Number of protein chains: 2
Amino acid sequence: MNRDVIKERIKAIRRELNKKKINCLIVTKPANVTYTTGFLGDDSWALITKARVYLLTDSRYTEQALNECPHCRIIQRTDSLAEATAKLVKKLKSVQAVTVEKSTSLADFEALRKHAEARPKSIANVIETIRSSKAVSEITAIKAAARIAAQALKRTLRYIKPGTTESELAGMLDFQIRKLGATNSFPTIVAFGPNASRPHHQPGRKKLKQKDTVLIDFGAKYKGYCSDITRCFVVGRPTAFYQKVYDVVEQAQAAAIKMIKAGVKITNVDAAARDVIDKNDLPVYGHGTGHGLGLEIHESPFLKADSKGKLKAGQVITIEPGVYIPGKLGVRIEDDVLVTETSCRILTRNCPHSPLLHNAKG
Amino acid sequence: MNRDVIKERIKAIRRELNKKKINCLIVTKPANVTYTTGFLGDDSWALITKARVYLLTDSRYTEQALNECPHCRIIQRTDSLAEATAKLVKKLKSVQAVTVEKSTSLADFEALRKHAEARPKSIANVIETIRSSKAVSEITAIKAAARIAAQALKRTLRYIKPGTTESELAGMLDFQIRKLGATNSFPTIVAFGPNASRPHHQPGRKKLKQKDTVLIDFGAKYKGYCSDITRCFVVGRPTAFYQKVYDVVEQAQAAAIKMIKAGVKITNVDAAARDVIDKNDLPVYGHGTGHGLGLEIHESPFLKADSKGKLKAGQVITIEPGVYIPGKLGVRIEDDVLVTETSCRILTRNCPHSPLLHNAKG
């Protein structure tokens, strides 16, 4: 990660901490640790004071941390994270009180309290809010992750044929993602036929039939950043009902995407998609219409019926309405969208997007 | 998951809760939710009262929950987990006070406190301690996960050749695991040459050379249960130093395994491995000698220099000493071991285990 990028982030975080009169923040959420330090490993915390950023890690990661975080003081701990952090805080004369992220567990909070001299305070969403608007370098990384995902799906579609299991198809897609130098941003979902009515179906031994439907929800993670795409395909000819549902979901997605620009109420975008499905007498999905994505696969903002706030330029969000009818079918279409001042840009346009899978042969 | 198995677990948990005078436990850790309900999805909590077990999930998972948790009351929530749980608690006349797991985040704890009438209490490791000793059905699942991992590695080794990248090799292995009907228990580590000195190296674009070394740390997850294996291979002829290090790590592992039986102090097992490495004038690894595994890839007991307690029959643990010399090499050997009353059983014996990779050809 570019040193200047991290410097800018720390500046923005310190500005926020100053406003809130926070002297020292203990960063425990993995994505926030990555954001503030550039570190891509696990089991590590960061500590932000007015003067420095510290990364507390262990010997498994020291070499990696020295490479990835040239601007941080690396502390190689042998104690637990809470104990090592409390010890460091005690040594820092300039730190009067510490604040931890609210995503920290009760157990870690209590351990910190035990080892530190004073009771820590806690705060939510300081870094999450800053992270939600992406810098140019982050948008570039998400675009690359989206390009890899699209490329991987293209290569995988060639292998779809009756007899392939859900699990094999998921494995092929994951392999292509790896071959392109990325990893999965979450466990790939592949659902054949009625299995797609479970939005988070786990791929199993079910075999693709001569006439069948395929839902694939997947993403590539590249340089720490996630993409997230859902596509539905038909092997053979779609039933009239499947085609109708597909068209409605496509319209619902288009209606939401049309609404997107900086300053628009999030609930308006959410409602735009739901209304199309409702007006077509299909069951309205129970999940959100979308979510922010970046270092985390699900991050701020969350597009739900009860969301507060407005979209901001630089946010990258998914738009993913769906229709689910248990025992019958599931259709979801999901794209990644960059919010701009005047409208939006679809980052996943290159990903294969046709309900009819012409080349699937037995 | 077999209904009787879950019943037995709930009985054991209720016994523990009774002892601790806990009337109602809110289970928030995903592995503990799976353990108490059989549910394999995400974003769901369980609630255990004297009379019932509830699963609070959302519409994405309702269909799955109805299949997987026939003994639970399924609550389909639209509110946040904390709010939905607080509402449920208010409705239950028999519940006077609630207790949450200490792995819960501060944010969720505060939301629960806000929505519930009284301040919840918190407790650590009730279910983790029970989970640590495995039932026969769990050992069977871990054995199956280990068998799949071994089989996947065997198939992958055929494809290793100079020019293959770390990332491709990891992808091939993951694909084989998928083809065998399982998923990864954690992101596969593949490290060529000196990259192996970083115990948690992330596979990259580095290509395998004509004479090279390969470290692979991976696992299969099957029916919710994990295996975890590390193997080191040499392409071409190993250097005398690599061979020496390999032999020492193998001896260190054997020394630890020889100590294992129910009732032995965990620190004695840990020390047995470290002593062999130290006596051979090699740097002693900074990570633990091993960890329990089951529904989580890292769970109780943890085998470290400062661990408390003794091994118990039915625990499944990894034994994974290593030697790491930055810029030069890394060697780790890891097997999964079932603790018995009188000794132990290695569950990963079938996994290819030879430092020399005879069939690797350019």
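Every value quoted in this text rests on a predicted model; they were computed, and no experiment measured them.

A closer look at the sheet that holds strand β6 (residues 121-123) of chain A
All names here are of chain A.
Move 1: Pairing is mixed in the open sheet, where 6 strands are placed in the order β4-β3-β2-β1-β5-β6. The open sheet has two edge strands with one neighbour each: β4 (73-76) and β6. Along the sheet, successive strands turn relative to each other by an average axial angle of 25°, direction set aside.
Move 2: Bridge count between strand β3 (residues 53-57) and β4: 4 bridges; the pairing is parallel.

Concerning the pairing of strand β14 (residues 299-303) of chain A
All names here are of chain A.
Move 1: Summarising the sheet, strand β13 (residues 290-292) and β14 pair through 3 bridges and their orientation is antiparallel. Of the residues in β14, the one forming a bridge with Gly292 is Glu299.
Move 2: Connecting β13 to the antiparallel partner β14 that follows it, the hairpin turn spans 6 residues.

Things to note about the interface of chain A and chain B
Move 1: With 45 residues of chain A in contact, the opposing surface of chain B contributes 44 residues.
Move 2: The junction of chain A with chain B conceals about 3500 Å² of combined surface from both sides, 51% of it contributed by carbon and sulfur atoms.
Move 3: When the buried surface of chain A facing chain B is broken down by residue, Arg60, Leu106 and Arg178 of chain A rank first, second and third, together holding 22% of it.
Move 4: Where chain A packs against chain B, one counts 6 salt bridges.
Move 5: Counting every contact that joins chain A to chain B gives 20 residue pairs in polar contact (both at pLDDT 80 or more).
Move 6: Where the side of chain A that touches chain B is concerned, the elements lending two or more residues are α3 (62-68), β5 (99-101), α5 (106-115) and α8 (166-179) of chain A.
Move 7: Here the element with the most residues in the side of chain A that touches chain B is α8 of chain A; it accounts for 9 residues.
Move 8: Grouping the amino acids of the side of chain A that touches chain B by side-chain chemistry returns 15 nonpolar, 18 polar and 12 charged.

Points about the domain arrangement of chain A
Residue and element names in this part refer to chain A.
Move 1: Domain parsing of chain A yields domain 1 (3-131) and domain 2 (133-361).
Move 2: Using only C-alpha atoms to locate each centre, domain 1 and domain 2 end up separated by 34 Å.
Move 3: Listed by partner, the interface residues are 11 residues for domain 1 and 11 residues for domain 2.
Move 4: Across the domain 1 to domain 2 interface the summed buried area is about 780 Å²; carbon plus sulfur atoms make up 46%.
Move 5: Applying the counting rule to domain 1 against domain 2 returns 4 salt bridges.
Move 6: Between the two partners, domain 1 and domain 2, sit 6 residue pairs in polar contact (both at pLDDT 80 or more).
Move 7: When contributions to the side of domain 1 that touches domain 2 are tallied by element, the ones reaching two or more residues are α1 (3-19), α2 (30-37) and α6 (126-132).
Move 8: Sorting elements by how many residues they give to the side of domain 1 that touches domain 2 places α6 first, with 4 residues.

Considering the relation of the copies chain A and chain B
Move 1: Laying chain A over chain B is done by rotating through 180° and shifting 0.0 Å along the axis; what remains is an RMSD of 0.0 Å. Such a combination of turn and shift is consistent with a two-fold rotation axis. By C-alpha distance to the rotation axis, the residue of chain A lying nearest is Ser105 of chain A, at 2.0 Å.

Topic: α5 of chain A
Move 1: The complete set of buried residues in α5 of chain A reads Leu106, Phe109 and Leu112 of chain A. Considered in projection along α5 of chain A, the buried side chains sweep an arc of 125° and stay on one side of the axis.

Here we look at the sheet that holds strand β12 (residues 229-235) of chain B
Residues and elements named next belong to chain B.
Move 1: Taken in spatial order, the 3 strands of this open sheet run β8-β9-β12, and their pairing is antiparallel. Single-partner strands in this sheet number two, and they are β8 (189-192) and β12. For this sheet the average axis-to-axis angle between neighbouring strands, irrespective of direction, equals 15°.
Move 2: As defined by bridge partners, strand β9 (residues 212-218) adjoins β12 across 7 bridges and the pair is classed as antiparallel. Directly across from Leu215, in β12, lies its bridge partner Cys232.
Move 3: The strands touched by helix α8 (residues 166-179) are β8 and β9; relative to β8, the strand with the most contacts, the crossing angle is about 145°.

Things to note about the packing of α1 of chain A against α2 of chain A
All names here are of chain A.
Move 1: Packing of α1 against α2 brings their axes to within 7 Å, and their N-to-C directions diverge by 115°. From α1, Ile6, Arg9, Ile10 and Ile13 reach across to α2, where they touch Thr34, Tyr35, Thr36 and Thr37.
Move 2: Its residues assigned to classes, the contact of α1 with α2 comprises 4 nonpolar, 3 polar and 1 charged.

Quick word on the nonpolar core
Move 1: Core analysis: the biggest nonpolar cluster contains 38 residues, and Ile26, Leu47 and Leu112 of chain A together with Ile26 and Leu47 of chain B have the highest contact counts within it.
Move 2: Among the secondary structure elements, those contributing two or more residues to this core are β2 (45-48), β3, α4 (81-91) and α5 of chain A together with β2 (45-48), β3 (53-57), α4 (81-91) and α5 (106-115) of chain B.
Move 3: Broken down by element, this core gets its largest block of residues, 6 residues, from α4 of chain A.
Move 4: Not counting residues up to four positions away in its chain, the partners in contact with Ile26 of chain B are Trp45, Ala46, Leu47, Thr85, Val98, Thr99, Val100, Glu101 and Leu112 of chain B.

Quick notes on the packing of α8 of chain A against α8 of chain B
Move 1: Remark: α8 of chain A packs on α8 of chain B, axes separated minimally by 8 Å, with the N-to-C direction vectors making an angle of 175°. The pairing of α8 of chain A with α8 of chain B is recorded here as roughly antiparallel in orientation. Two secondary-structure elements touch here, α8 of chain A through Ser167, Glu168, Ala170, Gly171, Met172, Asp174, Phe175, Arg178 and Lys179 of chain A and α8 of chain B through Ser167, Glu168, Ala170, Gly171, Met172, Asp174, Phe175, Arg178 and Lys179 of chain B.
Move 2: Its residues placed into classes, the contact of α8 of chain A with α8 of chain B shows 6 nonpolar, 4 polar and 8 charged.

Observations regarding the pairing of strand β9 (residues 212-218) of chain A
All names here are of chain A.
Move 1: A large share of β9 lies buried, amounting to 7 of its 7 residues.
Move 2: Judged by which residues are buried, β9 turns out to be covered on both faces: Asp212, Val214, Ile216 and Phe218 on one side and Thr213, Leu215 and Asp217 on the other are all buried.
Move 3: In terms of strand pairing, strand β8 (residues 189-192) meets β9 through 4 bridges, oriented antiparallel. When the sheet's bridge partners are listed, Val190 is paired in β9 with Ile216.

Regarding the confidence of the model for chain A
All names here are of chain A.
Move 1: Across chain A, the average pLDDT comes to 94, with 98% of residues at 70 or higher.
Move 2: Low pLDDT, under 50, characterises residues 358-362; the predicted model gives this stretch 8 contacts beyond four residues in sequence or across chains.
Move 3: Confidence metrics for the complex model read pTM 0.92 and ipTM 0.90.

Section: the packing of aromatic side chains
Move 1: Per the stated rule, a full pass over the model turns up 3 aromatic pairs over all chains.
Move 2: Residues Phe39 of chain A and Tyr61 of chain A carry aromatic rings whose centres are separated by 5.7 Å and whose planes lie at 90° to one another, so their mutual orientation is edge-to-face. You can see Phe39 of chain A sitting in the loop between α2 and β2 and its partner Tyr61 of chain A sitting in the loop between β3 and α3, a full 22 residues away along the chain.
Move 3: For Phe39 of chain A, a relative accessible area of 0% corresponds to the buried category.
Move 4: A centroid spacing of 5.9 Å and a plane angle of 5° characterise the contact between Phe175 of chain A and Phe175 of chain B, whose relative ring orientation is stacked. Remark: Phe175 of chain B occurs in helix α8 and Phe175 of chain A occurs in helix α8; the pair is interchain, linking two chains. Pair check on accessibility: Phe175 of chain A and Phe175 of chain B agree, each one buried.

Reading guide: rules and limits
- Residues numbered from 1 in each chain as written.
- Chains lettered and ligands numbered in written order.
- Predicted model: local features only at pLDDT ≥ 70, side-chain atom pairs only at ≥ 80, totals over all residues.
- Heavy atoms only, no water.
- Pairing = 2+ DSSP bridges.
- Helix = DSSP H or I, 4+ residues; strand = E, 2+ residues; numbered from the N terminus.
- Axes fitted to C-alpha atoms, helices over the stretch in contact; angles between N-to-C directions.
- Contact = heavy atoms within 4.5 Å.
- Buried area = accessible area lost by both parts, 1.4 Å probe.
- Salt bridge = Lys/Arg side-chain N within 4 Å of Asp/Glu carboxyl O.
- Polar contact = N/O pair within 3.5 Å; in protein donor to acceptor, adjacent residues only side chain to side chain.
- Nonpolar A, V, L, I, M, F, W, Y, C, P; charged D, E, K, R; others polar.
- Domains from an automatic or database assignment.
- Least-squares fit on C-alpha atoms with pLDDT ≥ 70 in both.
- Buried < 20%, exposed > 50% of the residue type's maximum accessible area, 1.4 Å probe, protein only.
- Arc of directions from axis to C-beta.
- Core = buried A, V, L, I, M, F, W, Y, C linked by side-chain atoms within 4.5 Å.
- Parallel < 35°, antiparallel > 145°, perpendicular 65-115°, else oblique.
- pLDDT = per-residue confidence, 0-100.
- Phe/Tyr/Trp six-rings, centres within 6.5 Å; stacked < 30°, edge-to-face > 60°.

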